[in-house]
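So you can see what is in the structure, the chains are spelled out below.
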Amino acid sequence: MSWMIVADSSCELRSLPNAAPETGFATVPMKIRVGEREFVDNAALDVAAMMAEMRNYNGASTSSCPSPEEWAEKFLMADNIIAIAISSNLSGAYNSALVARDMVLENHPDKNIYVLDSLSTGGEMTLAIRKANELIAQGLDFDTVVTELEIYYAPRQILFALSCFDNLVKNGRLSRVVGFVAGKMGMRIVGRGSEDGKLDMLHKTRGETRTLAFLLEEMDRRGYQGTPVVISHCSNEKGAQLLRHGIEAKWRGAEVTILPCSGLTSFYAQDGGLIVAY
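The following paragraphs examine the structure supplied in this document. From a predicted model like this one, the values you see are computed outputs, not experimental measurements.

Reading the values: rules and limits
Residues numbered from 1 in each chain as written. Predicted model: local features only at pLDDT ≥ 70, side-chain atom pairs only at ≥ 80, totals over all residues. Heavy atoms only, no water. Buried < 20%, exposed > 50% of the residue type's maximum accessible area, 1.4 Å probe, protein only. Helix = DSSP H or I, 4+ residues; strand = E, 2+ residues; numbered from the N terminus. Pairing = 2+ DSSP bridges. Axes fitted to C-alpha atoms, helices over the stretch in contact; angles between N-to-C directions. Contact = heavy atoms within 4.5 Å. Core = buried A, V, L, I, M, F, W, Y, C linked by side-chain atoms within 4.5 Å. Salt bridge = Lys/Arg side-chain N within 4 Å of Asp/Glu carboxyl O.

1. Overview of the pairing of strand β13 (residues 274–277)
Taking every second residue as pointing to the same face, both faces of β13 are buried, with Leu274 and Val276 on one and Ile275 and Ala277 on the other. As paired elements, strand β8 (residues 158–162) and β13 share 4 bridges and run antiparallel to each other. The residue bridging Phe160 from the neighbouring strand is Ile275, located in β13. Summarising the sheet, strand β11 (residues 229–233) and β13 pair through 4 bridges and their orientation is antiparallel. Across the sheet, Ser232 pairs through a bridge with Ile275, a residue of β13.

2. Describing the sheet that holds β13
Ordered by their spatial adjacency, 6 strands build an open sheet running β10-β9-β8-β13-β11-β12, and the pairing between neighbours is mixed. If you trace the sheet from one side to the other, it starts and ends with β10 (199–206) and β12 (256–260), each paired once. Strand-to-strand twist of the sheet, defined as the mean angle between neighbouring strand axes without regard to direction, takes the value 20 degrees. Of the strands in this sheet, β8, β9 (187–193), β10, β11 and β13 touch helix α8 (residues 208–221), which is tilted by about 135 degrees from β10. Across the sheet, helix α9 (residues 237–250) lies against β11, β12 and β13, angled at about 160 degrees from β11, the strand it touches most.

3. Describing the nonpolar core
Counting 66 residues, the largest nonpolar core has Trp71, Phe75, Ile82, Ile84 and Ile129 as its most contacted members. Top contributing element to this core by residue count: helix α4 (residues 123–137), with 7 residues. Sequence-distant contacts of Ile129, that is, excluding residues within four places in its chain, are made with Ile5, Ala7, Cys11, Leu13, Leu16, Phe25 and Ile84. Grouped together as the second largest cluster of nonpolar side chains are 20 residues, Ala161, Val190, Phe214 and Tyr224 included.

4. Quick word on the sheet that holds strand β5 (residues 62–64)
Ordered in space as β4-β3-β5, the 3 strands form an open sheet in which the pairing is antiparallel. With one partner strand each, in any of the chains shown, β4 (37–40) and β5 form the two edges of the open sheet. Geometrically, the sheet is characterised by an average inter-axis angle of 25 degrees between neighbouring strands, direction not taken into account. Looking at chain direction, strand β3 (residues 31–34) and β4 are connected through 4 bridges and run antiparallel. From the neighbouring strand, Val34 faces β4, where its bridge partner is Arg37.

5. Here's the deal with the environment of Leu119
Secondary-structure assignment places Leu119 in the loop between β7 (112–117) and α4. Taking the C-alpha atoms as reference points, Leu119 and Glu53, 66 residues apart in sequence, are found 29 Å from one another. Residues in contact with Leu119, not counting those within four places in the same chain, are Ser87, Ser88, Arg156, Ser194, Glu195, Asp196 and Gly197.

6. Focus: the pattern of salt bridges
With the rule as written, the count across this model stands at 12 salt bridges. Note that Asp41 is salt-bridged to Arg14, the shortest N-O span being 3.0 Å. Taken together, the residues span a long stretch of sequence, with Asp41 in the loop between β4 and α1 (47–56) and Arg14 in the loop between β1 (3–8) and β2 (23–28) at a distance of 27 residues. Judged by its relative accessible area of 1%, Asp41 is buried. Look at Arg14 and you get partly exposed, because its relative accessible area is 29%. The salt bridge partner of Arg244 is Glu248, with a shortest N-O separation of 3.2 Å.

Have a look at this one:
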């Protein structure tokens, strides 16, 4: 039987190397609206141009999730479907995927469709996609793949570091004065994804070096023990590489992947942002 792994575009991936036999991979795009212009978060998106547009626009930018029809189109492409969506507390993508599942099953009751609420975004979704592909490659049946994926994903952790606050200010989540002062002083905000998939602020610091040191300390405090890590960055590959070196030095043998942020995660992280998932 054929398989399809589907995720919304906040997963960072646009292709899946070493896909299991008879397994496809596809993303459904989020959209980012800046003024009258809409950016579709797919492989053709020029993220740098989108970020420049956001910086130059005085109003608040917004995002929207894939429609049920976009999810359903992918669900029709295989017998067994594993779908992974950004946190339901950040977007309507998960609920949209559930609607699509019901639409497809109404006419194709023989299909198997599972939708995972990642309660996260970015690299954590990447890790779930890779694990699903690994389980499928083992020749496991659908129910076993779902069960093993849920067990693997349960202890997820995600941290983020922000150095730009324009979008938070424009969307009313941070006062304009605080945002201006924080930017001028080189402040960084470090936070985490909560258990229910929301964003919690943990710490304020100054400068990249202190920020990276705090991220490593926080990973240690939260019990990280060398499992695979995905670092996403928004125009900050240098910071991502330094963090990778820090992780590999502290936890020998850790497998660290660095990916550029998608359009949607760039919308949240902004210039210089880092997202660490493990």
